[in-house]
Amino acid sequence: QVLLMGRSNAGKTSMRSIIFANYIARETTRLGYTQDVEHSHVKFLGNLVLNLWDCGGQEAYMESYFESQRDHIFRNAAVLIYVFDIESQQLEKDIQYFTLCIEALKSNSDNAKVFCLVHKMDLVPEESREEVFAKQVATVKEIAGPLDTTCFQTSIWDETLYHAWSKIVYSLIPNVQALEQQLAAFCEMCGADEVVLFERATFLVISHATRKPFKDVHRFEKVSNIIKQFKLSCSKSQSQFCSMQVRNSAFSAIIEGFTATTYIMVVTSDPTALPAITSLNISNAREHFEKMNVGLG
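Owing to the predicted nature of the structure, the values given are computational and were not obtained by experimental measurement.

For Asn-76, which is not a glycine, the phi torsion comes out positive at approximately 70°. If you trace the backbone, Asn-76 turns up in the loop between helix 3 (70–74) and strand 4 (79–85). Asn-76 sits in the exposed class, given a relative accessible area of 59%. A positive phi is found at Phe-203, a non-glycine position, where the angle reads about 60°.

Right under this line is the structure:
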């Protein structure tokens, strides 16, 4: 069970719609407010199901979560995702509700992981972002105490949203180390610089193996964003995205459907590497990873 919480207008429903419902950022302006709690079930690797509870942030709803619905909402929660609107004019109220969430978690699900998304960071001047974020992180960590807590800067207008949600999903995958080991072996066998595994529906990054250093730390999330937009363009023209190849003088990259729930990207800088051989390697590895995915779920 994953709780998505935060005060009204923090941006919870917009980010959920972008990640899970294939909205693009500019389309989220027509979304309405969440009424009470909206439940959605998203299937990931094998039988892993993300049971997402999007909790409406209007004051009347928030009060009920900590009073009449407290046990129902917070019992058996594996993850709390709390969204802070960095432009909020009622920061004390935000902190008050977050504190109540932490207290409820400690009483009902003290092993839960906490992820705080400091959202709408695009509205903060670039030169001030790190300072503003660091201040918010310090406040959150003090309130959360011993709970496992991670904070991210996010915005629906760039790759930071995909980065945060990829890390959240990654934390929920059981035995993910086994998957990473097999992916590293596949990367070595292909002679690739990097192999990346994406969840099929959301294109969130599940895992990767890297044999060569890269400068861009947000490269995975940028690819997620680009491919997801391309998939949307394909669907609007009644076409289906199957695969993509990009090749220039510096590298070649192949993105293909891999298992029933994943896509794979193989990147190599070897000029002698033939795309047909890479595709054959992907095809040969497919059955092995399909069996692994069932085990992971």
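For the rest of this paragraph, the subject is the environment of Arg-70. With respect to the helices and strands, the residue Arg-70 is situated in helix 3. Owing to a relative accessible area of 22%, Arg-70 belongs among the partly exposed residues under this scheme. Remark: the alpha-carbon pair of Arg-70 and Ala-104, spanning 34 residues in sequence, is separated by 7.0 Å. Among the polar contacts made by the side chain of Arg-70, one reaches the side chain of Ser-107 at a distance of 3.1 Å.

Quick look at the sheet that holds strand 3 (residues 49–55) now. The pairing of strands in a sheet happens through backbone hydrogen bonds and is either parallel or antiparallel. On the basis of which strands lie adjacent, the open sheet formed by six strands has the order 2-3-1-4-5-6 and mixed pairing. With one partner strand each, in any of the chains shown, strand 2 (37–43) and strand 6 (148–153) form the two edges of the open sheet. Between one strand axis and the next, the sheet turns through 20° on average, direction left out of account. Of the pairings in the sheet, the one linking strand 2 to strand 3 comprises seven bridges and is antiparallel in character. Its bridge partner being in strand 3, Glu-38 is matched across the sheet by Asp-54. Packed onto the sheet, helix 1 (residues 12–20) meets strand 1 (2–5), strand 2, strand 3, strand 4 and strand 5 (113–119) and runs at close to 155° relative to strand 3.

Topologically, Ser-171 is positioned in helix 6 (residues 160–172). A relative accessible area of 22% means that Ser-171 is categorised as partly exposed. Separated by 51 residues in sequence, Ser-171 and Lys-120 have C-alpha atoms that sit 23 Å apart. Setting aside residues no more than four positions away along its own chain, Ser-171 makes contact with Lys-113 and Phe-115. Within the structure, Ser-171 has its side chain in polar contact with the backbone oxygen of Ile-168 (distance 2.6 Å).

A few words now on the pairing of strand 4. Counted residue by residue, strand 4 has seven buried out of seven residues, so it is predominantly covered. Residues Val-79, Ile-81, Val-83 and Asp-85 point to one face of strand 4 and Leu-80, Tyr-82 and Phe-84 to the other, with burial holding for every one of them. Summarising the sheet, strand 1 and strand 4 pair through four bridges and their orientation is parallel. Bridge pairing in strand 4 links Met-5 to Tyr-82. In this fold, strand 4 hands off to helix 4 (residues 91–108), which returns the chain to strand 5; that crossover is right-handed.

A full pass over the atoms with the stated rule returns 14 aromatic pairs. Here Phe-20 and Trp-165 contribute two aromatic rings whose centre-to-centre distance is 5.4 Å and whose plane-to-plane angle is 90°, an arrangement assigned as edge-to-face. Of this pair, Phe-20 sits in helix 1 while Trp-165 sits in helix 6, and the two are 145 residues apart along the sequence. Every member of this aromatic cluster is reached through a ring pair, and the members are Phe-198, Phe-203, Phe-230, Phe-241 and Tyr-263. Over the ring of Tyr-263 we find Arg-200, and its NZ or CZ is 4.6 Å from the ring centre.

A surface patch of nonpolar side chains, about 280 Å² in accessible area, is lined by Leu-274, Ile-277 and Leu-280. Inspection of the secondary structure assignment puts Leu-274 in the loop between strand 11 (262–268) and helix 9 (275–296).

If you walk through the whole model with that rule in mind, you get zero disulfides. Of the cysteine sulfurs around Cys-151, a residue in no disulfide, the closest is that of Cys-116, at 4.7 Å. This cysteine, Cys-187, is not joined by any disulfide, and Cys-190 carries the nearest cysteine sulfur, 7.3 Å off.

Enumeration over the complete set of coordinates arrives at ten salt bridges. Residue Glu-256 is joined to Arg-286 by a salt bridge in which the shortest nitrogen-to-oxygen separation is 3.8 Å. With Glu-256 in strand 10 (residues 252–257) and Arg-286 in helix 9, this residue pair connects regions lying 30 residues apart in the sequence. Put simply, Arg-16, Glu-38 and Asp-54 are held in one network by salt bridges that share partners.

Definitions and limits used
The numbers attached to residues start from 1 for each chain and follow its sequence in the written order. In view of the model being predicted, local features appear only for residues whose pLDDT reaches at least 70, and side-chain atom pairs are presented and counted only at 80 or more, with totals across whole chains, interfaces and linings using the full set of residues. The basis for every side-chain value is the complete set of heavy atoms in the structure, and neither hydrogens nor water enter the calculation. Under the scheme used here, helices are H or I runs from DSSP no shorter than 4 residues and strands are E runs no shorter than 2 residues, and both carry numbers assigned from the N terminus. Under the scheme applied here, a residue whose accessible area is under 20% of the maximum for its type counts as buried, over 50% as exposed, and between as partly exposed, the area being computed with a 1.4 Å probe on protein chains only. Polar contact is defined as a pair of N or O atoms within 3.5 Å, subject to the rule that within protein one atom must be able to donate a hydrogen and the other to accept it, and that residues adjacent in sequence are counted only when both atoms are side-chain atoms. Note on pairing: two strands pair once DSSP finds at least 2 bridges between them. Axes, fitted as lines to C-alpha atoms, cover a helix only where it is in contact. Angles between the N-to-C directions of the axes lie from 0 to 180 degrees. In what follows, a contact means two residues having at least one pair of non-hydrogen atoms within 4.5 Å. Here a crossover is taken to be right-handed if, once the strands point away from the viewer, the path from the first strand over the helix to the second is traced clockwise. The pairing test for Phe, Tyr and Trp rings, Trp by its six-membered ring, is centres within 6.5 Å, and the orientation test on the planes gives stacked under 30 degrees, edge-to-face over 60, and tilted for anything in between. Both a distance and an angle decide whether a charge sits over a ring: NZ of Lys or CZ of Arg must be within 6 Å of the ring centre and within 35 degrees of the ring normal. Only residues whose relative accessible area exceeds 30% and that take part in no salt bridge are eligible for patches, with like-charged residues grouped when within 9 Å of each other and nonpolar side chains (Val, Leu, Ile, Met, Phe, Trp, Tyr) grouped when within 5 Å. Here the accessible surface of atoms and residues is derived via Shrake-Rupley with a 1.4 Å probe, and residues count as covered only by protein chains that are part of the display. Any Lys or Arg side-chain nitrogen found within 4 Å of a carboxyl oxygen on Asp or Glu counts as a salt bridge. Disulfides are defined as pairs of cysteine sulfur atoms found within 2.5 Å of each other.

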